[in-house]
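# A closer look at the structure
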Amino acid sequence: MFNPEEINSLIRSRRSVFADQYVPGKKIPDEIIQQLLENANCAPTHKLTEPWRFTIFTGEGLKKFAEFQSELYKKNAGDKFKQDKYGKLATTPLLCSHIIAIGMKRNVSVPEMEEIAAVACAVENMYLSTVAYGIGGYWSTGGVTYDEEAKSFFGLQGDDRLMGFFYLGYIQTPSVKSMRRPINEKITWIRE
Ligand SMILES: Cc1cc2nc3c(=O)[nH]c(=O)nc-3n(C[C@H](O)[C@H](O)[C@H](O)COP(=O)(O)O)c2cc1C
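In what follows, the accompanying structure is described. Computed from a predicted structure; not experimentally measured.

Reading the values: rules and limits
Residues numbered from 1 in each chain as written. Predicted model: local features only at pLDDT ≥ 70, side-chain atom pairs only at ≥ 80, totals over all residues. Helix = DSSP H or I, 4+ residues; strand = E, 2+ residues; numbered from the N terminus. Rg over C-alpha atoms; globule rule 2.2 N^0.38 Å. Buried ≥ 20, exposed ≤ 12 C-beta atoms within 10 Å, placed from the backbone. Contact = placed C-beta atoms within 7 Å. Axes fitted to C-alpha atoms, helices over the stretch in contact; angles between N-to-C directions. Parallel < 35°, antiparallel > 145°, perpendicular 65-115°, else oblique. Left-handed = near helix turned anticlockwise from the far one by under 90°. Nonpolar A, V, L, I, M, F, W, Y, C, P; charged D, E, K, R; others polar. Pairing = 2+ DSSP bridges. Near = placed C-beta within 6 Å. Expected span 1.5 Å × (residues − 1). Core = buried A, V, L, I, M, F, W, Y, C linked by C-beta atoms within 7 Å.

## Let's talk about the overall build of the protein
- Counting its regular elements, the protein contains five helices and four strands.
- The order of helices and strands in the protein, counted from the N terminus, is α-α-β-α-α-β-α-β-β.
- By the compact-globule yardstick of 16 Å for 192 residues, the protein fits well, its C-alpha radius of gyration being 18 Å.
- Counting the 192 residues in the protein, one finds 28% classified as buried.

Written out as structure tokens, the structure is:
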């Protein structure tokens, strides 16, 4: 039904494409983003908890996101405040077409690790979809990802987790080939 060669090639050509590699501000049709999200929704999920939650920023929404993350950083950075980091948080989102905040809605019927794993599978589905659509994307756990105060801005609360952001844009500068150590260094076969 599917051509394995084609699927292998798609998976093996997946790359992270960062915001400074995008055509600044060029918008991907929302219909394509919706397809990425539909694919995310097909991720495996123990007990069908479907823990992934996404908030999608685009257009003026990107300015809202940029202002939120830069101002929260400024408020909480204390002695560690760096003007260039503040500047990047305030401007990098504006290079993107869409930014998808990645949330995990906690359900105590399965261990937290499994809920995080399910969300990561959903993100990988989006990553692979970017290859099919010829667009760039990457998962960032930078910015305010681990700031407890950020959660409510993305509709999360309590033991829910903010797991970062999926940045998206049309590719201006493609990523170079990914370097990986061979799989044979990381596997063990037990045959008898
Ligand atoms: C959970 C997770 C968090 C990540 N966070 C960041 C990040 O904050 N900043 C960044 O530049 N890349 C981030 N990345 C992307 C990695 O840098 C990227 O996957 C790695 O460089 C390998 O490149 P490739 O994805 O093109 O194979 C993250 C990836 C994962 C899986």
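Having seen the model, we can carry on.
## Here's the deal with the environment of Ala66
- In this fold, Ala66 is placed in helix 3 (residues 60-77).
- Along the primary structure Ala66 and Thr91 are separated by 25 residues, whereas in three dimensions their C-alpha atoms are 6.6 Å apart.
- Excluding anything up to four places from it in sequence, Ala66 contacts Leu89, Ala90, Thr91, Pro93 and Leu94.

## Notes on the packing of helix 3 against helix 4 (residues 83-91)
- Helix 4 packs onto helix 3 with a crossing angle of 160 degrees between their chain directions and a minimal axis gap of 7 Å. It follows that helix 3 is roughly antiparallel to helix 4 by the angle criterion. Every pair of crossing elements has a handedness; the one defined by helix 3 and helix 4 is right-handed. Here Ala66, Gln69, Ser70, Tyr73 and Lys74 of helix 3 lie close against helix 4, whose contacting residues are Lys85, Tyr86, Leu89, Ala90 and Thr91.
- A per-class count over the contact of helix 3 with helix 4 returns five nonpolar, three polar and two charged.

## Looking at the sheet that holds strand 1 (residues 52-58)
- Ordered by their spatial adjacency, four strands build an open sheet running 1-2-4-3, and the pairing between neighbours is antiparallel. Every other strand in the sheet has two partners, leaving strand 1 and strand 3 (136-140) as the edge strands with one partner each. Averaged over neighbouring strand pairs, the angle between their axes works out to 20 degrees when direction is ignored.
- Bridge count between strand 2 (residues 98-104) and strand 4 (residues 161-169): six bridges; the pairing is antiparallel. Bridging from a neighbouring strand, Met104 pairs with Arg161 of strand 4.

## Regarding the site of the ligand
- Around the ligand sit Arg15, Ser16, Tyr138, Trp139, Ser140, Thr141, Gly142, Gly164, Ser175 and Ser178, and that is every residue in its neighbourhood.
- Among the elements that make up the shell around the ligand, the one with the highest residue count is strand 3 (three residues).
- Grouping the amino acids of the shell around the ligand by side-chain chemistry returns two nonpolar, seven polar and one charged.

## Considering helix 5 (residues 112-133)
- With 22 residues, helix 5 extends 32 Å from end C-alpha to end C-alpha; this agrees with the ideal 32 Å at 1.5 Å per step.
- Those residues of helix 5 that sit buried are Glu115, Ala118, Val119, Ala122, Val123, Met126, Tyr127, Ser129 and Thr130.
- One or two residues past the end of helix 5 sits Gly134, with phi positive at roughly 65 degrees.

## Thoughts on the nonpolar core
- Residues Ile99, Ala101, Ile102, Val119 and Phe166 are the most contacted members of the largest nonpolar core, which totals 35 residues.
- Of all the secondary structure elements, the ones that give two or more residues to this core are helix 2 (30-40), strand 1, helix 3, strand 2, helix 5 and strand 4.
- The contacts of Val119, once residues within four sequence positions are left out, are Pro51, Trp52, Ile102, Met104 and Met163.

## Details of the packing of helix 2 against helix 5
- Where helix 2 meets helix 5, the closest approach of the two axes is 8 Å, and the angle between their N-to-C directions is 140 degrees. Judged by the inter-axis angle, helix 2 sits oblique to helix 5. Every pair of crossing elements has a handedness; the one defined by helix 2 and helix 5 is right-handed. Contact residues: helix 2 offers Ile32, Gln35, Leu36, Asn39 and Ala40, while helix 5 offers Ala122, Asn125, Met126, Ser129 and Tyr133.
- The residue makeup of the contact of helix 2 with helix 5, split by class, is six nonpolar, four polar and no charged.

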